[in-house]
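# Structural features, examined
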Amino acid sequence: MTGGRRISVAFAAVFVATAASIHVVTAQEQHHHHAHHDHSMVLDRDGMVMNANADVLPKDCTEVSADLEFEVRVGRDYARRGLTFGYNQHEWVVPPCARVTVTLINEDQVRHQWMVHGLPRYLYPQGMFHLEVSGEKRKSGTFIVPSDDRTYLAHCDIAQHMEQGLKGQVVVGSGNGTLPSIPGISAQPLPDDYASGR
Amino acid sequence: MQWPLNRSGLATRNYLVDRVRPNVAGSVTENSSASGTSAVRFAYLIGVLAAFALTLWNIPPAYLSAEWAAYRNSWMGGSKYTEAPPSRTVSVAELDIDEICSPDFDTWRTAHRIDGVEIEAVSDCAPDNPWDIAVSVRGANNVTEATLMQSLFAPDAVEKGDDRDGDGDPDVIDIRLEVMELNGKSPDGSEVVPQFEIGPGITPGFWVFAPKTRGMTTINFESLVANRIVRLPAPVIRIEQGDEVRITLENSHYLPHTIHFHGLDHPFKTSDGKGNDGVPVFSEHPIMPGKARAYQLQPRHAGTTFYHCHVQPHSHILMGLQGMLVVEENRPNNWVQTFNIGAGRVRSPSVAVREQYDREFDLHYLEIDSTLNNRIQRFNDPRLVSRSIHRGYNITKRSADYFVLNGRSFPYTLREAMVVVNPQQRNRIRILNGGSEGLALHFHGHKPRLTHRDGVPLSPGQEIQRDVFWIASAQRVDLELNTVNDGLNAYGAGAWLLHDHREQAVTSNGIGPGGDVSLVAYEKYLGPRGLPLAVGGLQSLAPFFSSAYYAGELPVFSGMAGHDLADPEQRAFGATNLWYFWIGILALMWLLIIVPLRRWRAR
Ligand SMILES: [Cu+2]
Ligand SMILES: [Cu+2]
C-alpha cells in the first residue's frame with residue numbers, strides 16, 4: 001500500500017519529465033507513457049498554462065458552438081467566512097462544445113491555480129486543463145469543452161487551498177449535478193461542528 | 001458434603017418452597033387437582049436447581065478465591081489437566097520489494113553529471129531525484145529547460161547570479177519557500193490530505209516549509225499522496241559564507257507565519273528597514289495568508305544553523321516549521337547544493353567538505369506529540385484550528401509519542417535516512433535536534449568525534465570522542481565519523497544501529513522497533529536496492545512494513561524456531577461462559593425473588 005504510493009512518486013516524476021516541455025511544445029521522443037499525446041506547457045516565473053487547446057475539437061463536437069472569454073480572480077479578498085481563499089465566482093456555465101478562454105488573475109502574493117479535471121484524456125493529458133499564476137500576475141489559456149452535459153471540478157491543488165475555498169465547478173450545458181463544498185453553492189459533507197467547536 | 005454454597009443454596013430453596021407452597025396452591029384455579037399443584041411445584045424446584053447449577057458451573061474463576069475454585073473443581077470434576085491453548089497464527093504479507101523500493105528509482109541512485117553538476121551515487125532505497133539536485137546546485141535560472149522540467153521546482157525556487165568576488169561561483173542567491181500542510185483535514189472525506197507517512201499507516205499532521213514547487217501538490221490527481229519535495233522535514237538549505245542571500249517566504253498557508261534564523265548571522269532589519277528577525281511584536285508583524293516577505297542574510301561565518309517559524313513558536317516549530325540551514329566555507333568555484341530535500345546524504349557536497357571528508361550527511365531529529373499535530377485533522381475553519389492549536393493545546397502537559405529522523409520513523413528510515421559508509425572513511429555528520437526535548441544519540445560500533453557545536457568549530461583540545469551525544473533542544477552538532485577499524489573509532493563493518501537512547505524514542509507510540517531507529521550501514525551489509533541485510537533475509541523486515549505492526553496487532557516474537565512466544569488463542573472463560581453465568585443469575589433472581597413477590601402480592 002505504502003510502497004504503491006512510492007511507486008507513483010516515480011511515475012509522477014516520469015510524467016512531469018516527459019509530459020512537459022517549456023513554451024508550447026508538442027510531444028517529444030522521450031515520451032514513454034503518453035507518447036501519442038500532444039502535451040503543452042508554458043512555464044515561466046509568472047506561472048504556467050498546461051494543455052491549452054484552441055484548435056482541436058472533442059470527438060463529439062462538429063464545430064465550436066461559441067467563443068467565450070472570462071476572467072477568474074483569485075485571492076484572500078474573495079474568501080467566504082470561515083475560509084481563507086476564494087475565486088470571484090465559483091461556478092462557470094458554458095454551452096456544449098464552447099471554446100473557453102480563461103484569464104486567471106491572482107491578487108495574492110502566493111501561487112494559485114485554476115485547474116479543471118475530468119476532460120477527455122485523448123485531448124487533455126490526465127484529463128486536465130491548468131492555469132497557474134505565481135504572485136500578483138495573470139495568465140490566460142483556452143480549451144474546448146465536450147458536448148455532453150457535465151459538471152467539471154475547477155480548483156487550486158496547493159495544499160489546503162481547495163479545502164480553504166478554491167473549489168468551483170464548470171457546468172457544461174445543464175451539467176450533471178452539483179459538486180460538494182463549493183463556497184456559496186453547496187454544503188460540505190463533513191462540516192465543522194460550531195456547536196461544540198471540537 | 002462440604003459445599004457452603006450448596007448448603008446455603010438448599011436452605012434458601014427449602015425456605016422459599018415452604019413459603020411459596022400456599023401461593024402456588026392459591027394461584028391456581030380452585031378446580032386444579034392436587035397432582036397439578038405438585039407438578040408445578042416440581043417444575044419450579046427443577047427450574048431453581050437448573051439455574052443454580054448453570055450459575056455455579058459458569059462462575060468466572062476471577063470471581064472466586066483459590067479455595068472456592070478448588071471446591072468447585074472437586075465437586076464439578078474440573079480438576080483434570082488441560083493443555084494451554086495454541087498460538088494464534090499470524091500471517092504477514094510477503095515483503096514486495098518493488099513496493100518498498102521502486103525499480104523506477106534505480107536510475108536515480110547512480111552517479112550523474114547534469115548540466116555540469118557532479119552528483120554522487122547512493123545506495124538508498126528512496127534516493128533524492130538527481131535533477132532536483134542539479135537545479136539546487138546551479139539554480140533554476142542556470143539549468144536547461146529539460147533539467148528544470150524533470151525537477152519539481154518552480155522557476156524561481158532558487159535563482160543564482162552575480163559572482164561578486166570573482167571566484168567562479170554565484171554570490172547572489174534568491175530562494176523562495178512556501179508553507180505547506182501535510183495530513184490535514186478535508187471537508188469532502190475522512191482521509192487526510194495531502195498525505196505523508198512517517199511510518200506504515202502513521203500520518204500525524206504537519207506544517208512544513210517547502211521549496212517553491214509548481215503544479216500539483218500531490219503526485220497526480222488520482223493520488224492523495226504529497227509530491228516528493230513537499231514533505232517533512234523542511235529542506236536543508238545550503239548557502240556559501242559571504243553570499244548575499246534573499247529568502248522569500250510565500251505564505252500559502254491559512255495561518256500567519258514567519259522565519260527566524262537561529263544561529264545564523266543576519267541583521268535585525270533589512271536594507272529597507274523592515275523586520276528581519278522573524279519575531280512577532282519585536283521584529284515584525286507575521287506574514288498573513290496569501291502574503292510574502294523577503295529576509296536578507298549575508299553570513300560572515302560558516303556553520304550548521306537552524307531556521308524556524310517564530311509565530312507562536314511553542315506550537316508552530318513543533319508542527320514542523322523548522323529546518324537546517326548550513327553555511328559552507330567560502331572557496332573558489334564552490335557551487336553549493338541549495339536544497340537537500342528530506343535531508344540525509346548530500347550528493348553534491350561543497351568544496352570545503354570535499355577537501356576533508358568522503359561523505360556528508362544531514363540528520364534532522366524531531367519528536368512529535370500527536371495530540372498537538374492531529375488537531376489540524378479536526379477542523380476546516382482556520383479560526384477553529386487556531387483556537388485548538390494555540391489555546392486548546394497545553395504544551396506544559398506535552399508527552400511525545402512519535403520520533404522521526406529526517407521525517408521518517410523506523411522502518412521507513414531504512415529507505416532514506418541511514419548513514420551509509422565504507423571502511424577507512426571520514427564522514428561529516430551534521431545534526432539538528434528540532435524537538436523540545438534533549439536527544440541522547442548513540443552510535444553502535446563507533447565513537448565519532450565532536451568537531452562543531454552550534455556551528456562553532458572546537459579547538460583540537462576541546463574536541464571529544466564518545467558514543468552518546470547529548471544534543472539539547474535546537475542545538476546543532478557536527479561530528480566526524482571515522483570508519484577506520486581500530487577498536488576506538490570503529491569496530492569494523494556491520495549494520496550498526498543509530499538511535500536516540502532515550503528509550504521512548506526507539507518506539508512509535510510505544511511499539512518498537514520504531515521511532516528514530518536508523519543504521520550506520522556499511523555498503524557490504526546492504527542487500528537489494530539498498531535495504532540492510534537482516535538475519536532471516538529481507539522477509540524478516542516484512543512485519544515492520546505493515547501498519548498492523550504499529551497498531552500493536554502483531555506479536556513481538558513469532559515464528560521463532562523452538563520457542564513459540566506468539567499470542568495464545570483465546571479460550572475458556574470466554575464470552576459464552578459469562579453469558580451463561582449472568583443468565584443463571586437472572587433466572588435465580590426471577591425464580592427466587594420475582595415469582596414469590598408476585599405470588600405474595602396476588603394473595
Ligand atoms: Cu491556491
Ligand atoms: Cu508559524
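Residues numbered from 1 in each chain as written. Chains lettered and ligands numbered in written order. Predicted model: local features only at pLDDT ≥ 70, side-chain atom pairs only at ≥ 80, totals over all residues. Heavy atoms only, no water.

### With respect to the state of the cysteines
Taken as a whole and assessed by the stated rule, the structure comprises two disulfides over all chains. Between the sulfur of Cys61(A) and that of Cys97(A) lies a disulfide, 2.0 Å long from S to S. Between Cys61(A) and Cys97(A), the S-S dihedral sits near -90°, and the bridge is therefore left-handed. Taken together, the residues Cys61(A) in the loop between strand E2 (47-50) and strand E3 (66-75) and Cys97(A) in the loop between strand E5 (91-94) and strand E6 (98-106) connect sequence positions 36 residues apart. For Cys97(A), a relative accessible area of 8% translates into the label buried. The side chain of Cys101(B) participates in a disulfide bridge whose partner is Cys125(B); the two sulfur atoms lie 2.1 Å from each other. One disulfide, between Cys101(B) and Cys125(B), carries an S-S torsion of -100° and so falls in the left-handed class. (Disulfide = S-S within 2.5 Å. Helix = DSSP H or I, 4+ residues; strand = E, 2+ residues; numbered from the N terminus. Buried < 20%, exposed > 50% of the residue type's maximum accessible area, 1.4 Å probe, protein only.)

### A short note on the pattern of salt bridges
For the coordinates displayed, the defined rule picks out 48 salt bridges over all chains. With a shortest N-O distance of 3.7 Å, Arg73(A) and Glu71(A) are connected by a salt bridge. Classification of Glu71(A) by relative accessible area gives partly exposed; the value is 40%. Two residues, Arg238(B) and Asp362(B), come together in a salt bridge whose shortest N-O distance is 2.8 Å. Note that Arg238(B) is positioned in strand E8 (residues 236-240) and Asp362(B) in strand E16 (residues 359-368), a separation of 124 residues in sequence. No difference in accessibility class separates Arg238(B) from Asp362(B), as the two residues are buried. (Salt bridge = Lys/Arg side-chain N within 4 Å of Asp/Glu carboxyl O.)

### Observations regarding the coordination of the copper ion (ligand 2)
Residue and element names in this part refer to chain B. Within the protein, His257 (ND1), Cys309 (SG) and His316 (ND1) serve as the donor atoms for the copper ion (ligand 2), at 1.9 to 2.1 Å. Sequence spacing of the donor residues for the copper ion (ligand 2), all on one chain, is H-x51-C-x6-H. Placement of the pair is His257 in the loop between strand E9 (244-250) and strand E10 (260-262) and His316 in helix H8 (residues 313-316), with a sequence separation of 59 residues. Take His257 and His316: they sit in the same class, and that class is buried. (Donors = N, O, S within 2.8 Å, 3.2 Å for Na, K, Ca; no water.)

### So, the side chain of Asn53(A)
Residues and elements named next belong to chain A. Within the secondary structure, Asn53 is located in the loop between E2 and E3. We classify Asn53 as buried; its relative accessible area is 7%. A distance of 3.3 Å separates a polar side-chain atom of Asn53 from the backbone nitrogen of Asp55. In terms of polar contacts, Asn53 uses its side chain to reach the backbone amide nitrogen of Val56, at 2.9 Å. (Polar contact = N/O pair within 3.5 Å; in protein donor to acceptor, adjacent residues only side chain to side chain.)

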